[in-house]
Each structure stands twice: as C-alpha cells, then as structure tokens.
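Per-entry structural report
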Amino acid sequence: QVQLVESGGGLVQAGGSLRLSCAPSGGIFSSYAMGWFRQAPGKEREFVGAVSGGGTAYADSVKGRFTISRDNARNTVYLQMNSLKPEDTAVYYCAARLGSRSRSAEDYYYWGQGTQITVST
C-alpha cells in the first residue's frame, strides 16, 4: 500500500513562489508515475502536471511557471510553482500510479491528503 504525504502549502502573494513536496511510502518509488492535481472551491479536480520515466507533462495553464521534478534517492517528488496567480488558489494533491504518466485523475491509484495553496492579490 502506497501512502503519499504532501507538504509545502501556504499563503503567498501573487508573483511569488512555493514548492510542494510529496513523499510516497511503500512500493518502489521509481516504478510510479507521479501526478499533481488541484481543486478549487466549486470546481472539478484538474490536472496540473505529471512525471514518469518518459518525462514530464503540464497543463497549459501552468506551463512555463510550474516545474515537476523527482529525486528517487530521497523518494520525493516536487512541484516548484513560480509566478503564482490568484487563479492558482486551490487544494493541491499528489497522486501515484504504476506505469506511464497520465493527465486523467481516474488513472491514479493513490492520493495524498491535499495541501492548500492560497495566492493573494
């Protein structure tokens, strides 16, 4: 059973930066594709980005501002968020699945508890 623990959320002013971390426990980390999703109040959960052995993928809304990286030695995946905007305000979730990355939340088996990001004007 894989458990995902996220950290790094908080309040930041528009234009600022934050870095989220996700540390899976259990399983072989390098075998998993890791995804980041977010959900704003009243909206559906949406894809932010994902990483697997084949590389990374990003939503158009964050491309060029957000970067996903993984450190297999530390069993940790990161979401570096720069040039944050108020519309980035949401609960951010990391997720894991075996195999290749996916943009679909339904493809992920394991989910973190979520961490709140609030971007103020």
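Attention in this report is confined to the structure presented alongside it. As the structure is a prediction and not an experimental result, all values here were calculated from the model. (Residues numbered from 1 in each chain as written. Predicted model: local features only at pLDDT ≥ 70, side-chain atom pairs only at ≥ 80, totals over all residues. Heavy atoms only, no water.)

**Observations regarding the side chain of aspartate 88**
Rules: Numbering of helices and strands runs from the N terminus; a helix is a DSSP stretch of H or I covering at least four residues, while a strand is a stretch of E covering at least two. Residues are treated as being in contact if the distance between any of their heavy atoms lies within 4.5 Å.
With respect to the helices and strands, the residue aspartate 88 is situated in the loop between strand 8 (76-81) and strand 9 (90-98). In contact with aspartate 88, other than residues within four places in its own chain, are Arg38, Arg65, Phe66, Ser83, Ile117 and Val119.

**A few points about the packing of aromatic side chains**
Rules: Only centres within 6.5 Å qualify two rings of Phe, Tyr or Trp (six-membered ring in Trp) as a pair; their planes then separate them into stacked at under 30 degrees, edge-to-face at over 60, and tilted for everything else. For each residue, the accessible area found with a 1.4 Å probe, counting protein chains only, is set against the maximum for its type, and the residue is called buried under 20%, exposed over 50%, and partly exposed in between.
Counting across every chain of the model gives seven aromatic pairs. Relative to tyrosine 108, the ring of phenylalanine 37 has its centre 5.3 Å away and its plane inclined at 75°; by these criteria the two rings are edge-to-face. Residue phenylalanine 37 is located in strand 4 (residues 32-39), and its partner tyrosine 108 is located in the loop between strand 9 and strand 10 (110-111); the two are separated by 71 residues in the primary sequence. You can call phenylalanine 37 buried: its relative accessible area is 1%. Judged by its relative accessible area of 5%, tyrosine 108 falls in the buried class. Plain terms: the ring middles of tyrosine 109 and tyrosine 110 are 6.1 Å apart, the flat faces sit at 90° to each other, and that makes the pair edge-to-face. For tyrosine 109, a relative accessible area of 49% puts it in the partly exposed group.

**Quick look at the pattern of salt bridges**
Here is the rule: A pairing counts as a salt bridge when a side-chain nitrogen of Lys or Arg comes within 4 Å of a carboxyl oxygen of Asp or Glu.
One pass over the full model with this rule turns up five salt bridges. Put simply, arginine 38 and glutamate 46 hold a salt bridge, and the shortest N to O gap is 2.6 Å. With its nearest N and O atoms 2.9 Å apart, the salt bridge here joins aspartate 88 to arginine 38. Of this pair, aspartate 88 sits in the loop between strand 8 and strand 9 while arginine 38 sits in strand 4; the two residues are 50 residues apart in sequence, bridging distant segments of the chain. Judged on exposure class, the residue aspartate 88 and its partner arginine 38 are both buried. In this structure, a network of salt bridges that share partners links the residues Arg38, Glu46, Arg65 and Asp88.

**Structural notes on the state of the cysteines**
Our working definition: In this description, a disulfide is simply a cysteine sulfur pair whose atoms lie within 2.5 Å.
Overall, the coordinates contain one disulfide when judged by the stated rule. With its sulfur 2.0 Å from that of its partner, cysteine 22 forms a disulfide with cysteine 94. On the sign convention where negative is left-handed, the bridge of cysteine 22 and cysteine 94, at about 55° about the S-S bond, is right-handed. Of this pair, cysteine 22 sits in strand 3 (residues 18-25) while cysteine 94 sits in strand 9, and the two are 72 residues apart along the sequence. Assessed through its relative accessible area of 0%, cysteine 22 is described here as buried.

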